[in-house]
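# Observations on the model geometry
Here is how the chains run, residue by residue.
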Amino acid sequence: MSGKAKDILKMDLYGLLGCDITATTKEIKKAYRQKALTCHPDKNPDNPKAAELFHQLSQALEVLTDAAAKAAYDKICAAKKQAEERTRKLDDKRKKIKLDLEARERRAEAQSQESVQNTRSLEEEIARLREEGSRQLEEEQRLVREQIQREKEEQQRQSGDCTQRNSGVERCSKSGVTPKLKLKWKCKKDDETNGGYSQDVLLRLLQKYGDVLNVILSSKKTGSAVVEFATVRAAELAVENECGLSGNPLKISWLEGKPEVIAPVSQPGQFPSSQSCC
């Protein structure tokens, strides 16, 4: 048995993630993100055990989100549980039950072979995962890193809503105003597809720039919607970069919360200097 397989068999993967054996892949991923965010090394630089726990969570996600590896692991866990149950029940019954020695030896040998086969199956699946690379693990770790980054950006935004630009001007958001953008696209009145845009489609296109608080499709006018972002920076990125669907592009404009542009004041004979506008 490989060292990695032995290490995994020593761990309770479901217990690490805080879910049970009936959990779906979606529930397993959600449990991983919740646990990983609390013990990510970037958030616990002074805790040497955080990296180890984060690694164990990654191993749990890697095995439990792969159908074949999960089946092999579940099979071994089930066999262990059955063996423990048999041991508990045998104490009082073993004196009363006469078993043929040869039959017991055959059963023990068959169980041993089954255990070896199950372990070999798990080793093969782990080796396959190592060769192919765990896309599930990479994706979930990316989401964790992005959420940590968003939290850092939000903390920075709360300490001051001003962003210094290299051009020598400053951009400030209006305090207390949630940034909102107006979206327009081509759509005929009788078009049931709404020009290819639904609430889910717009959310998928825009949430890559930051947290989207709300997407409201206009009930009176086709080809129109309003989106509300959590941060000014996310709204700015959407205005600057999002084009929408290739066959029906979006026109994006500010509705509320557009940052103000304030030019720095310079003294005669001096170059403009960076100033804080908040």
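Residues numbered from 1 in each chain as written. Predicted model: local features only at pLDDT ≥ 70, side-chain atom pairs only at ≥ 80, totals over all residues. Heavy atoms only, no water.

Per an unreviewed UniProt entry, the protein chain goes by DnaJ homolog subfamily C member 17 and derives from Scophthalmus maximus. Under Function (unreviewed entry), UniProt gives the following word-for-word description of the protein chain: "May negatively affect PAX8-induced thyroglobulin/TG transcription." (UniProt positions renumbered as here; feature names shortened; annotations may be inferred.)

All right, on to the packing of aromatic side chains then. If you walk through the whole model with that rule in mind, you get two aromatic pairs. Relative to Tyr-197, the ring of Trp-185 has its centre 4.8 Å away and its plane inclined at 45°; by these criteria the two rings are tilted. Within this pair, whereas Trp-185 is found in the loop between strand E3 (180–184) and helix H8 (199–206), its partner Tyr-197 is found in the loop between E3 and H8, the two being separated by 12 residues in sequence. Both residues of the pair, Trp-185 and Tyr-197, belong to the buried class. (Phe/Tyr/Trp six-rings, centres within 6.5 Å; stacked < 30°, edge-to-face > 60°. Helix = DSSP H or I, 4+ residues; strand = E, 2+ residues; numbered from the N terminus. Buried < 20%, exposed > 50% of the residue type's maximum accessible area, 1.4 Å probe, protein only.)

Glancing now at unusual backbone geometry. With a phi close to 55°, Asn-194 is a non-glycine residue in the positive phi region. Topologically, Asn-194 is positioned in the loop between E3 and H8.

The end-to-end C-alpha distance of helix H7 (residues 135–159) is 36 Å, a good match for the 36 Å that 25 residues give at a rise of 1.5 Å each. Listed as buried for H7 are Leu-137, Glu-140, Gln-141, Val-144 and Ile-148. Check the buried side of H7 and you find it contacts helix H3 (25–39) and helix H4 (48–64). (Expected span 1.5 Å × (residues − 1). Contact = heavy atoms within 4.5 Å.)

This part covers a positive patch on the surface. Judged by side-chain charge, Lys-184, Lys-186, Lys-221 and Lys-251 come together as a positively charged surface patch. Along the polypeptide, Lys-251 turns up in strand E8 (residues 251–256). (Patch = residues over 30% accessible without salt bridge, like charges linked within 9 Å, V, L, I, M, F, W, Y side chains within 5 Å. Areas by Shrake-Rupley, 256 points an atom, 1.4 Å probe, with all protein chains shown as cover. Salt bridge = Lys/Arg side-chain N within 4 Å of Asp/Glu carboxyl O. Lys, Arg positive; Asp, Glu negative; His and termini not counted. Charge placed at Lys NZ, Arg CZ, Asp CG, Glu CD.)

A word on the side chain of Ser-224. Along the chain, the position of Ser-224 falls in strand E5 (residues 224–229). When sequence neighbours within four positions are dropped, the list of residues in contact with Ser-224 reads Lys-182, Leu-183, Trp-185, Leu-217 and Ser-218.

The subject of this paragraph is the pattern of salt bridges. Taken as a whole, this structure holds 15 salt bridges when the rule is applied. For Glu-85, the salt bridge is made with Lys-89, and the minimal N-O distance between the two is 3.7 Å. Of this pair, Glu-85 and Lys-89 both sit in helix H5 (residues 67–93), four residues apart, which is roughly one turn of the helix. The partly exposed category is assigned to Glu-85, whose relative accessible area is 31%. Among the salt bridges present, the one from Glu-146 reaches Arg-142, with a minimum N-O distance of 2.3 Å. In this pair, Glu-146 and Arg-142 are both assigned in helix H7, four residues apart and thus about one turn of the helix distant.

So, about the sheet that holds E3. Ordered in space as E4-E5-E3-E8, the four strands form an open sheet in which the pairing is antiparallel. The outermost strands of the open sheet, each flanked by one partner alone, are strand E4 (212–217) and E8. Taken over all neighbouring pairs, the strand axes of this sheet differ in orientation by 25° on average, direction set aside. In this structure, E4 lies alongside E5, joined through five bridges in antiparallel fashion. Note on E5: the bridge partner recorded for Val-212 is Phe-229. Seen against the sheet, H8 touches E3, E4 and E5 and runs at an angle of roughly 145° to E4. Across the sheet, helix H9 (residues 232–241) lies against E3, E5 and E8, angled at about 150° from E8, the strand it touches most. (Pairing = 2+ DSSP bridges. Axes fitted to C-alpha atoms, helices over the stretch in contact; angles between N-to-C directions.)

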